[in-house]
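Chain by chain, the residues run as shown.
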Amino acid sequence: MTFPLAPPFAIAFQPIVDVETGLTIAQEALVRGRAGQSAGSVLAAVPLPDRYRVDAEIRRAAIEEAQRLGLPATTAALTLNLYPGCVSHPDFGVRRTADDAAALGFPMDRLVFEISEMEPVEDPEALALELGALQRRGLRIALDDVGTGHARMPLLMAWRPDGAKIAREVIMGLDLDPQRMEQVRLTLAQLNSFGLVPVVEGVETVGEMRALHAMGVRAMQGFLFARPGIGVLPVPVVPGIRAPDGIA
């Protein structure tokens, strides 16, 4: 089922950037209201029985918009958010989105599915089997919002994702908070033990960026580099990684 006319949402994109090279690694698709309302307000208006259907419609719209804006001609991937319950849904799951992408001619190896941990997972083992099957099809899976909500290291062991994203709640102000910095260091060490290259989202200050880079993080996302844009693929601007001489 598709929306009969213009969907009641818009698609915005926000880049994930390699702070050392300044190159865009990926563009994350984010849902917004037609007048720019937040994702939370859009999704809150969706009746619970329609949640997964609308989630699938958002993913298809994001692929169509990314293609229209020329993302396949770049080296960047497209990241799509989804609920864990959508992964194996018979009508609105990842397989449908993969089929949509193939029908649209969007390169499958450029899709990354970010599974939010903000919905509890009732059967992690069954989900792990489905994720493995999708990965064998060439799709990439990332665990979103690491450090908050329901996800813990056992999920990383069960799911074996291709990547992981650390939430802003974890890194906020870490350059000014030694305890928070130590917690981030431990989280990075855990991800490294699984061979995962982390992406840190919600980076808003130069201090946060420099502290993260000093701990080995290169892939970052946040208002510091670019705000989400509707109808465009935003180009990130990366401040200097190292502080000028004489400035800590």
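As the structure is a prediction and not an experimental result, all values here were calculated from the model.

A.B. asks: So what about the overall build of the protein chain? Which residues, and what values?
C.D. replies: The helix and strand tally for the protein chain stands at eight helices and nine strands. Across the 248 residues of the protein chain, 49% fall into the buried class. Counting only contacts in the protein chain whose residues sit at least 6 apart along the sequence, the fraction spanning at least 24 positions is 68%. Accessible surface, the protein chain: about 12,000 Å² in total, of which carbon and sulfur atoms supply 57%.

A.B. asks: I'd like a description of the pattern of salt bridges, backed by residues and values.
C.D. replies: A full pass over the atoms with the stated rule returns 18 salt bridges. Glutamate 208 is the salt-bridge partner of arginine 168, the closest N and O atoms lying 3.1 Å from each other. Taken together, the residues span a long stretch of sequence, with arginine 168 in helix H6 (residues 168-171) and glutamate 208 in helix H8 (residues 206-214) at a distance of 40 residues. Shared partners join several salt bridges into a network, and the residues in it are Glu57, Arg60, Glu64, Arg96 and Asp100.

A.B. asks: Before we move on, can you summarise the confidence of the model for the protein chain with the specific residues and values?
C.D. replies: Chain-level statistics for the protein chain give a pLDDT mean of 86 and a share of 90% at 70 or above. Across residues 1-6, where pLDDT falls below 50, the model places nine contacts with residues more than four positions away in sequence or in other chains.

A.B. asks: Account for the nonpolar core, naming residues and giving values.
C.D. replies: Formed by 64 residues in total, the largest nonpolar core has its most connected members in Leu78, Leu111, Ile171, Val203 and Leu212. At eight residues, the largest contribution of residues to this core is made by helix H2 (residues 51-68).

A.B. asks: Can you tell me about the packing of aromatic side chains, naming the residues and giving the values?
C.D. replies: Taken as a whole and assessed by the stated rule, the structure comprises one aromatic pair. Ring plane angle 45° and centroid distance 5.9 Å describe the contact between tyrosine 52 and tyrosine 83, whose orientation is recorded as tilted. Here tyrosine 83 lies in the loop between strand S3 (77-82) and helix H3 (94-104) and tyrosine 52 lies in helix H2, a separation of 31 residues in the sequence. The ring centre of tyrosine 83 lies 4.8 Å from the NZ or CZ of arginine 51, which sits over that ring. Its guanidinium or amino end placed over the ring of phenylalanine 223, arginine 227 lies 4.0 Å from that ring's centre, counting from NZ or CZ.

A.B. asks: Please give an account of the environment of glycine 173 that cites residues and values.
C.D. replies: Looking at the secondary structure, you find glycine 173 in the loop between H6 and helix H7 (178-193). Sequence separation of glycine 173 and threonine 205 is 32 residues, and the distance between their C-alpha atoms is 8.2 Å. Apart from residues no more than four positions distant in its own chain, glycine 173 is found in contact with Arg180 and Glu208.

A.B. asks: Could you give an account of the environment of glycine 207, naming the residues involved and the relevant values?
C.D. replies: In this fold, glycine 207 is placed in helix H8. In this structure the C-alpha to C-alpha distance between glycine 207 and aspartate 175, which are 32 residues apart in sequence, comes to 5.8 Å.

A.B. asks: Now, about the side chain of arginine 59: what can you tell me, with residues and values included?
C.D. replies: One can find arginine 59 in helix H2. Engagement of the side chain of arginine 59 in a polar contact is seen with the backbone oxygen of phenylalanine 92, the distance being 3.0 Å. Beyond its immediate stretch of four places on either side in the chain, arginine 59 contacts Tyr52, Leu80, Asn81, Leu82, Cys86, Phe92, Gly93, Val94, Thr97 and Phe113.

Procedures and definitions
- Residues numbered from 1 in each chain as written.
- Predicted model: local features only at pLDDT ≥ 70, side-chain atom pairs only at ≥ 80, totals over all residues.
- Heavy atoms only, no water.
- Helix = DSSP H or I, 4+ residues; strand = E, 2+ residues; numbered from the N terminus.
- Buried < 20%, exposed > 50% of the residue type's maximum accessible area, 1.4 Å probe, protein only.
- Contact = heavy atoms within 4.5 Å.
- Areas by Shrake-Rupley, 256 points an atom, 1.4 Å probe, with all protein chains shown as cover.
- Salt bridge = Lys/Arg side-chain N within 4 Å of Asp/Glu carboxyl O.
- pLDDT = per-residue confidence, 0-100.
- Core = buried A, V, L, I, M, F, W, Y, C linked by side-chain atoms within 4.5 Å.
- Phe/Tyr/Trp six-rings, centres within 6.5 Å; stacked < 30°, edge-to-face > 60°.
- Lys NZ or Arg CZ within 6 Å of the ring centre and 35° of its normal.
- Polar contact = N/O pair within 3.5 Å; in protein donor to acceptor, adjacent residues only side chain to side chain.

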